[in-house]
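Given next are the chains, with one letter for each unit.
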Amino acid sequence: MVRPPLPVKMVIAGGFGVGKTTAVGSISEIEPLTTEAAITEVAAGVDDLTHTPRKTTTTVAMDFGCITIDPSLKLYLFGTPGQERFGFMWDDIVEGAVGGLVIVDTRRLDDCYAAVDYFEHRRIPFAVAANAFDGRVEHSLEEIRWALDVSEQVPVIVFDAREQGSVRDALLVVLELALKRAE
């Protein structure tokens, strides 16, 4: 008898426009569920579009996708909204998650402090993934770790949210952390 894969919930978090929706979309084996809404003039006045001038939509609730890691394990991915005004949803989105991937844009590190603090205060295993916009990051991994003040136990990696293999590798880092914690 073949057993269905074990369902595992993982959260993808970070600030506004860092690549959460892109990461879920690039890895999901199903058409991702997104809650994208057009950025209005009012929202454009609240959300800093300086580094994302072509961004026309934003997540207003969550993104959802899934990926079968192997026949025994299936990751269910939940992407959080990045704006502070939607932070009230995070507790519900994160409930039951084994870990999180905090995506950062190194041009705007201060946008991810809230996500890092969230996972630290709730003692949820997480990794920091610097998204390589235009194929590069603005700071070294050591500088990112220092700026975010994360412990040595928190992996800090570079990845590309557009590349399926890169997202897979980042999620596997988080899964490894969760497995170590479970042991």
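Reading the values: the criteria
Residues numbered from 1 in each chain as written. Predicted model: local features only at pLDDT ≥ 70, side-chain atom pairs only at ≥ 80, totals over all residues. Heavy atoms only, no water. Pairing = 2+ DSSP bridges. Helix = DSSP H or I, 4+ residues; strand = E, 2+ residues; numbered from the N terminus. Axes fitted to C-alpha atoms, helices over the stretch in contact; angles between N-to-C directions. Contact = heavy atoms within 4.5 Å. Buried < 20%, exposed > 50% of the residue type's maximum accessible area, 1.4 Å probe, protein only. Arc of directions from axis to C-beta. Salt bridge = Lys/Arg side-chain N within 4 Å of Asp/Glu carboxyl O. Expected span 1.5 Å × (residues − 1).

**Re the sheet that holds strand β1 (residues 6-14)**
Pairing in this open sheet of six strands is mixed, and the strands run β4-β5-β1-β6-β7-β8 from one edge to the other. In this open sheet, the two strands that pair with only one neighbour each are β4 (63-70) and β8 (156-159). Put simply, the sheet's adjacent strands are angled 30° from each other on average, direction ignored. Packing of helix α1 (residues 20-27) onto the sheet brings it into contact with β1, β4, β5 (73-79), β6 (99-104) and β8, and relative to β4 it is tilted by some 40°.

**Description of helix α4 (residues 113-121)**
Considered for burial, the residues of α4 that qualify are Ala 115, Val 116, Tyr 118 and Phe 119. Taken down its axis, α4 places every buried residue within 160° of arc, on the same side. Along α4, the residues that are exposed and aim more than 90 degrees away from the buried face are Ala 114 and His 121. Each element contacted by the buried residues of α4 is listed here: β1, α3 (90-94), β6, β7 (126-131) and α5 (141-148).

**Re the pairing of β5**
Judged by how many residues are buried, β5 sits mostly within the fold: six of seven residues are covered. Of the pairings in the sheet, the one linking β1 to β5 comprises seven bridges and is parallel in character. Bridge assignment links Val 11 to a residue of β5, and that residue is Phe 78. What sits between β4 and β5 in their antiparallel hairpin is a turn of two residues.

**With respect to the pattern of salt bridges**
All told, the structure shown has nine salt bridges when counted by the stated rule. In this structure, Arg 107 and Asp 105 form a salt bridge, with 2.8 Å as the shortest nitrogen-oxygen distance. A salt bridge links Asp 160 to Arg 162; its shortest N-O distance comes to 2.7 Å. Assessed through its relative accessible area of 14%, Asp 160 is described here as buried.

**Some remarks on helix α6 (residues 164-182)**
The end-to-end C-alpha distance of α6, which contains 19 residues, comes to 27 Å, matching closely the 27 Å that a straight helix rising 1.5 Å per residue would cover. Within α6 the residues assigned to the buried category are Val 167, Ala 170, Leu 171, Val 174, Leu 175, Leu 177 and Ala 178. Angular distribution of buried residues about the axis of α6 spans 155°; they occupy a single face of the element. Exposed residues lying more than 90 degrees from the buried face of α6 are Leu 179 and Lys 180.

**What to know about the environment of Pro 155**
Secondary-structure assignment places Pro 155 in the loop between α5 and β8. A C-alpha to C-alpha distance of 9.9 Å links Pro 155 and Pro 125, two positions 30 residues apart in sequence. Ignoring sequence-local partners within four residues, the contact set of Pro 155 consists of Phe 126, Ala 127, Val 128, Arg 145, Val 173 and Leu 177.

**Examining the environment of Pro 4**
Structurally, Pro 4 is set in the segment before β1. Since its relative accessible area comes to 69%, Pro 4 is described here as exposed. In this structure, the C-alpha to C-alpha distance between Pro 4 and Lys 74, residues 70 residues apart in sequence, is 9.1 Å.

**A word on unusual backbone geometry**
Non-glycine residue Arg 123 carries a positive phi angle of around 55°. In this structure, Arg 123 sits in the loop between α4 and β7. If you check the backbone angles, Asp 149 has positive phi at about 55° while not being a glycine.

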